[in-house]
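Here is how the chains run, residue by residue.
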Amino acid sequence: MSRTVRPPEVDAPTSSLASERTATGRSIALMLLATLVLSTMHVLVRHTSAGIHPFEIAFFRNLLGLLFLLPLLLRFGLAAVRSQQPWLQVLRGAIGAASMMAWFYGLSVVPLAEATTLSFIGVVFSSIFAVLFLREPMRARRWAAIGVNLIGTLIVLRPGYTDLSVGVLAVLFSAVTWGAGVVLVKHLSRVDSPICTVTWMSFTLSALSLPPALAVWTWPTPEQFVFLALIALLATFGHLAFAKALQLADATLLMPLDFLRLVWAGLAGYLLFAEVPDLWSLIGGTLIVASAIYITRRQRLTRSAAVRSDEPN
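Not measured: the values here are computed from a predicted model.

Rules and cut-offs
Residues numbered from 1 in each chain as written. Predicted model: local features only at pLDDT ≥ 70, side-chain atom pairs only at ≥ 80, totals over all residues. Heavy atoms only, no water. Helix = DSSP H or I, 4+ residues; strand = E, 2+ residues; numbered from the N terminus. Buried < 20%, exposed > 50% of the residue type's maximum accessible area, 1.4 Å probe, protein only. Contact = heavy atoms within 4.5 Å. Areas by Shrake-Rupley, 256 points an atom, 1.4 Å probe, with all protein chains shown as cover. 1 Å grid on protein atoms, 1.4 Å probe; cavity = no way out; pocket = protein on both sides within 12 Å on 5 of 7 lines; lining within 4 Å. Points joined across faces, edges and corners; volume = space filled by probe spheres on them. Patch = residues over 30% accessible without salt bridge, like charges linked within 9 Å, V, L, I, M, F, W, Y side chains within 5 Å. Salt bridge = Lys/Arg side-chain N within 4 Å of Asp/Glu carboxyl O. Core = buried A, V, L, I, M, F, W, Y, C linked by side-chain atoms within 4.5 Å. pLDDT = per-residue confidence, 0-100. Polar contact = N/O pair within 3.5 Å; in protein donor to acceptor, adjacent residues only side chain to side chain. Phe/Tyr/Trp six-rings, centres within 6.5 Å; stacked < 30°, edge-to-face > 60°.

## Considerations on the overall build of the chain
Of the regular secondary structure elements, the chain holds 12 helices and zero strands. In the chain, the order of α-helices and β-strands from amino to carboxyl end is α-α-α-α-α-α-α-α-α-α-α-α. A total of 313 residues make up the chain; the buried ones form 48% of that total. For the chain, contacts bridging at least 24 residues in sequence account for 92% of all contacts bridging at least 6. For the chain, the exposed area adds up to about 16,300 Å²; of that, 69% sits on carbon and sulfur atoms.

This is the structure we're talking about:
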């Protein structure tokens, strides 16, 4: 009498855990790639801004980036860019346009490492906006970390001892609007695909960056156009990787990896532009990065605790 051999049952919790770990690993790899690609793009912006105004660079970055998305649109069809929340996509694009033009201008006049360091105060504002709009709790230790972050910012800026240039103010404005954009991207990733979000952003940013570009317009040379195309290509790829990473894992897990941009910026500034940060910038930058990492980790622990409290006993 033959015995029927039953296939082994799949352990659902183990399978789910393995799948979650795979998604987390992919998200971390995508985030690391995004930091390197976007940092390279920032170096090209700094180089190209010597001959073309940053507002015009921002316009070409958006217009050409939209062209680079066309193969994806043809492959996935218009359904891939049909948003469930179009007005939020438009708002995200408007915030992104203001942030990008301010950031590109800041990159053109502020040392790379200093601009990148100051950009990390965006984590503070993303945390505050998450409290205001996503109803995340904010406890005393996170407020203390925000205070440390702001102290680090004051050390870097040293108001009263050094003048706050328009470039520095532009970087600070970009950091605030970037923080708002991160919260919107995270919210939109729940209902819209990364291709949808990046496409909507490219359309909106192209339209909104055209008037400022026309005010300072100069026709690029063939060599400059090659750099503009590279900027657009790297920016499109980097933001697709960034959006996909946020879709696969929580922002509080991934955002500490974004601090690698400071490493790439410091190396590029030193090797390519002979920029050496002073002692005050190093001290303030350390406080900014350390507090920002603590803020994002506390956000993650708070969310994990909230999830556990919702689970049945």
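Okay, back to it.
## A word on the environment of Gly93
Tracing the backbone through its elements, the reader meets Gly93 in helix α3 (residues 86–109). Between the C-alpha atoms of Gly93 and Gly181, which are 88 residues apart in sequence, the distance is 8.7 Å. Beyond its immediate sequence surroundings of up to four residues, Gly93 is in contact with Thr204, Leu205 and Leu208.

## Remarks on empty space enclosed by the protein
Counted according to the given criterion, the structure contains three cavities of 30 Å³ or more. In this model, the largest cavity occupies a volume close to 570 Å³. Lining the largest cavity are 28 residues, with Arg92, Ser99, Trp103, Trp178 and His239 sitting closest to its centre. Of all the secondary-structure elements, those providing two or more residues to the lining of the largest cavity are α1 (12–48), α3, α7 (166–188), α8 (194–215) and α9 (222–248).

## Focus: a nonpolar patch on the surface
A cluster of nonpolar side chains, contributed by Val263, Leu267, Tyr270, Leu271, Leu272 and Val276, occupies part of the molecular surface with about 660 Å² of accessible area. By secondary structure assignment, the location of Leu267 is in helix α11 (residues 260–273). According to the relative accessible area criterion, Leu267 is partly exposed, its value standing at 46%.

## Things to note about the side chain of Thr116
With respect to the helices and strands, the residue Thr116 is situated in helix α4 (residues 112–119). Classification of Thr116 as buried rests on a relative accessible area of 3%.

## Points about the nonpolar core
In this structure, Met41, Val45, Ile57, Phe104, Leu107 and Leu118 are the most contacted members of the largest nonpolar core, which totals 49 residues. If we ignore the near neighbours within four places in the chain, the residues touching Phe104 are Met41, Val45, Pro54, Ile57, Ala58 and Arg61. Judged by nonpolar contacts, the second largest core, of nine residues, contains Met31, Val185, Leu246 and Ala249.

## Quick word on the confidence of the model for the chain
With 82% of its residues at a pLDDT of at least 70, the chain reaches an overall mean of 78. No element of the chain has a lower mean pLDDT than helix α12 (residues 279–310), which averages 65, and none a higher one than α3, which averages 89. For the stretch residues 304–313, pLDDT sits under 50, and the model shows zero contacts to residues farther than four places along the chain or on other chains.

## Quick word on the side chain of Asn62
Within the element layout of this structure, Asn62 appears in helix α2 (residues 54–76). Side-chain polar atoms of Asn62 contact the side chain of Ser209, separated by 3.4 Å. Excluding residues within four positions of it along the chain, Asn62 makes contact with Met100, Ser202, Leu205, Ser206 and Ser209.

## Here's the deal with the packing of aromatic side chains
Under the defined criterion, the tally for this structure stands at five aromatic pairs. An angle of 85° between the planes, with centres 6.2 Å apart, marks the rings of Phe60 and Phe225 as edge-to-face. Taken together, the residues Phe60 in helix α2 and Phe225 in helix α9 connect sequence positions 165 residues apart. Note on Phe60: relative accessible area 8%, which makes it buried. Members of the aromatic cluster, each reached through a chain of ring pairs, are Phe59, Phe60, Trp217, Trp219 and Phe225.

## Describing the environment of Ile52
Looking at where Ile52 falls in the secondary structure, it is placed in the loop between α1 and α2. Judged by its relative accessible area of 1%, Ile52 is buried. Spatially, the C-alpha atom of Ile52 lies 9.8 Å from that of Thr221, the residues being 169 residues apart in sequence. Once residues lying within four places of it in the same chain are set aside, the contact partners of Ile52 are Ile57, Pro220, Gln224 and Leu228.

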